[in-house]
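Architecture at a glance
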Amino acid sequence: MAAAPAPAAFDAAATFNTVCSTCHGSTGMGDGPAGMALDPRPASFADVAFWETRDDEHIFKVIKEGGAAVGRSPLMVGWGAMYSDDQIHELVEHVKGFKPE
Ligand code: HEC
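Please read all numbers here as calculations on a predicted model, not as lab measurements. (Residues numbered from 1 in each chain as written. Predicted model: local features only at pLDDT ≥ 70, side-chain atom pairs only at ≥ 80, totals over all residues. Heavy atoms only, no water.)

Before going further, it helps to examine the packing of helix α3 (residues 56-65) against helix α4 (residues 85-96). If you want to describe how two helices pack, look at the angle between their axes and the distance between the axes. Two numbers describe how α3 lies on α4: the axes approach to 9 Å, and their chain directions differ by 120 degrees. By the criterion of interaxial angle, the relationship of α3 to α4 is oblique. Like other packed secondary-structure pairs, α3 and α4 cross with a definite hand, here right-handed. Between α3, through Asp-56, Ile-59, Phe-60, Ile-63 and Lys-64, and α4, the contact on the second element is made entirely by Asp-85, Ile-88, His-89, Leu-91, Val-92, Glu-93, Val-95 and Lys-96. (Axes fitted to C-alpha atoms, helices over the stretch in contact; angles between N-to-C directions. Helix = DSSP H or I, 4+ residues; strand = E, 2+ residues; numbered from the N terminus. Parallel < 35°, antiparallel > 145°, perpendicular 65-115°, else oblique. Left-handed = near helix turned anticlockwise from the far one by under 90°. Contact = heavy atoms within 4.5 Å.)

Okay, here's the thing in structure tokens:
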């Protein structure tokens, strides 16, 4: 059996599933229970077109500073007060995991 992770260990997937998925959905399609009620609804990270106009830097900025920082909805709040830059980079990688090949 694997050793239990240190209490302070950051798990991007677990964070996404508990914190982000309420709006973004566990598969990143923008269909979380809270997300369905938003206007605009969060875009689907599984949509090829989404990735045509967004790079890592943009995704990082949105997560850290919020939607308003990139001219999008302020309902996507910034998480920079809660997560370190390293943790946000891990979240960026997790979000990129929804990108279709
Ligand atoms: C309260 C609901 C809510 C939560 C919780 C939330 N988001 Fe969002 N998020 C949104 C909305 C709404 C948008 C769409 C903004 C727009 O298109 O104007 C969005 C957009 C985004 C985008 C794409 C921005 C773009 O360019 O279209 C990313 C990436 C993102 N969120 C990541 C996250 C991550 C990572 C978390 C968890 C740390 C998170 N979000 C938590 C509501 C939420």
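Here we come to the environment of Lys-64. You can see Lys-64 is positioned in helix α3. Owing to a relative accessible area of 28%, Lys-64 belongs among the partly exposed residues under this scheme. Spatially, the C-alpha atoms of Lys-64 and Ile-88 are 6.9 Å apart, while their sequence positions differ by 24 residues. Beyond its immediate stretch of four places on either side in the chain, Lys-64 contacts Gly-78, Trp-79, Gly-80, Asp-85 and Ile-88. (Buried < 20%, exposed > 50% of the residue type's maximum accessible area, 1.4 Å probe, protein only.)

Time to look at the coordination of the iron atom of the ligand. Ligation of the iron atom of the ligand by protein atoms is provided by His-24 (NE2) and Met-76 (SD), these donors lying 1.9 to 2.1 Å from the ion. Overall, the relative accessible area of 13% leaves His-24 in the buried class. (Donors = N, O, S within 2.8 Å, 3.2 Å for Na, K, Ca; no water.)

Bringing the packing of aromatic side chains into the picture now. Going through the model one piece at a time under the given rule, you end up with seven aromatic pairs. Ring centres of Phe-45 and Phe-98 lie 6.2 Å apart, and the angle between their planes is 20 degrees; this geometry places the pair in the stacked category. With Phe-45 in the loop between α1 (12-24) and α2 (48-52) and Phe-98 in the segment after α4, this residue pair connects regions lying 53 residues apart in the sequence. Residue Phe-45 is classed as buried on the basis of its relative accessible area of 8%. The class of Phe-98 is buried, set by a relative accessible area of 18%. (Phe/Tyr/Trp six-rings, centres within 6.5 Å; stacked < 30°, edge-to-face > 60°.)

The next subject is the nonpolar core. Counting residues in each nonpolar core, the largest one holds 16 residues, and the members touching the most others are Phe-45 and Ile-59. Those elements that provide at least two residues to this core are α1, α2, α3 and α4. (Core = buried A, V, L, I, M, F, W, Y, C linked by side-chain atoms within 4.5 Å.)

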